[in-house]
Amino acid sequence: MVSRAEAQPYRGGLSQWLSGRGHRLALNGFMVIVLAHWAEHLTQAYQIWVLGWPVPKSKGALGLAYPWLVTSEWLHYGYALVMLVGLWLLRGGFVGRARIWWTVALAIQFWHHIEHLLLFIQAQTGTFFFGKAVPTSVLQLVFPRVELHLFYNTIVFLPMVVAVWLHMRPNRAEAQLATCACAGTRAPALSVA
């Protein structure tokens, strides 16, 4: 049965909706995007290390259909930005231990975004940093790009998984602080006045 507060039109802002009623829907949508991105990286890794394809030809599933898109820094920077914004917008729905882990993912993604921003700027201006002949990020000075981005995606994804796990299984204090119904408990009714 739907309560009177739940039946009323929602009058909060986007931030309140993402932290409350819409948190689970938005979180699920965000995780679909994250998992699709993972599938691309894992496909590329399979192409390189199992099939033995050279790195320039190993573009993941999307890159096989649209090679120009995958070689563009627009796609990579766009995804890094979507990740950063998604982690920031969804953070308000996490409390307690889950919020700490989600914030760790956000902090790491902030740096990952900076790395992609450096690549994007170089690709758009044609001015390459660090004396290199191609766009190069800071940690690419030490690690190859494919391995580096698998690493980045892993160290962002793992704290996200821990955060979601804890978010779905809050302790008593966290359940009382929750503003969403992700854990299966009814979210507190919002004022509609």
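Residues numbered from 1 in each chain as written. Predicted model: local features only at pLDDT ≥ 70, side-chain atom pairs only at ≥ 80, totals over all residues. Heavy atoms only, no water.

Visitor: Now, about the confidence of the model for the chain: what can you tell me, with residues and values included?
Guide: When pLDDT is averaged along the chain, the result is 89, and 90% of the positions lie at 70 or above. Per-element averaging of pLDDT across the chain places helix α1 (residues 4–7) at the bottom with 46 and helix α7 (residues 96–125) at the top with 97. Every residue in residues 2–7 scores below 50 in pLDDT, and together they form six contacts with partners more than four places removed in sequence or on other chains. The low-confidence segment residues 187–193, where pLDDT is below 50, has 10 contacts with residues more than four positions distant or belonging to other chains. (pLDDT = per-residue confidence, 0-100. Helix = DSSP H or I, 4+ residues; strand = E, 2+ residues; numbered from the N terminus. Contact = heavy atoms within 4.5 Å.)

Visitor: Before we move on, could you go through the nonpolar core and cite the residues and values that matter?
Guide: If you look at soluble globular proteins, the nonpolar side chains tend to sit buried side by side. Counting 27 residues, the largest nonpolar core has F30, L87, W102 and M160 as its most contacted members. Those elements that place two or more of their residues in this core are α3 (23–49), α6 (73–90), α7 and α8 (145–168). Residues within four places of W102 in sequence aside, it is in contact with L27, F30, L87, L90, R91, F94, P159, M160, A163 and V164. (Core = buried A, V, L, I, M, F, W, Y, C linked by side-chain atoms within 4.5 Å. Buried < 20%, exposed > 50% of the residue type's maximum accessible area, 1.4 Å probe, protein only.)

Visitor: Could you give an account of the pattern of salt bridges, naming the residues involved and the relevant values?
Guide: Pairs can form between side chains of opposite charge whenever their charged atoms are close. With the rule as written, the count across this model stands at two salt bridges. Notably, a salt bridge pairs E73 with R145, separated by 2.9 Å at the nearest N-O pair. With E73 in helix α6 and R145 in helix α8, this pair connects stretches of sequence that are 72 residues apart. Its salt-bridge partner being E174, residue R97 comes within 2.8 Å of it at the nearest N-O pair. Taken together, the residues R97 in helix α7 and E174 in helix α9 (residues 172–177) connect sequence positions 77 residues apart. Residue classification places R97 among the partly exposed positions, given a relative accessible area of 34%. (Salt bridge = Lys/Arg side-chain N within 4 Å of Asp/Glu carboxyl O.)

Visitor: Hey, could you go over the layout of surface pockets for me, with residue numbers and the actual values?
Guide: Of the pockets and cavities examined, the largest pocket occupies roughly 670 Å³. In terms of lining, the largest pocket is formed by 24 residues, of which the most central are Q44, V70, T71, H76 and R145. By residue number, the principal contributor to the lining of the largest pocket is α6, which donates five residues. Class assignment of the residues belonging to the lining of the largest pocket gives a composition of eight nonpolar, 12 polar and four charged. (1 Å grid on protein atoms, 1.4 Å probe; cavity = no way out; pocket = protein on both sides within 12 Å on 5 of 7 lines; lining within 4 Å. Points joined across faces, edges and corners; volume = space filled by probe spheres on them. Nonpolar A, V, L, I, M, F, W, Y, C, P; charged D, E, K, R; others polar.)

Visitor: Could you give me a rundown of the packing of aromatic side chains, with the residues and numbers involved?
Guide: One pass over the full model with this rule turns up eight aromatic pairs. On the numbers, 5.7 Å between centres and 65° between planes, the contact of W38 with F157 is edge-to-face. Residue W38 is located in helix α3, and its partner F157 is located in helix α8; the two are separated by 119 residues in the primary sequence. F157 carries the same exposure label as W38, and that label is buried. Ring plane angle 40° and centroid distance 6.4 Å describe the contact between F151 and Y152, whose orientation is recorded as tilted. Among the residues examined, Y152 registers a relative accessible area of 2% and is labelled buried. Directly above the ring of W165 sits R169, whose terminal nitrogen or CZ lies 3.4 Å from the centroid. (Phe/Tyr/Trp six-rings, centres within 6.5 Å; stacked < 30°, edge-to-face > 60°. Lys NZ or Arg CZ within 6 Å of the ring centre and 35° of its normal.)

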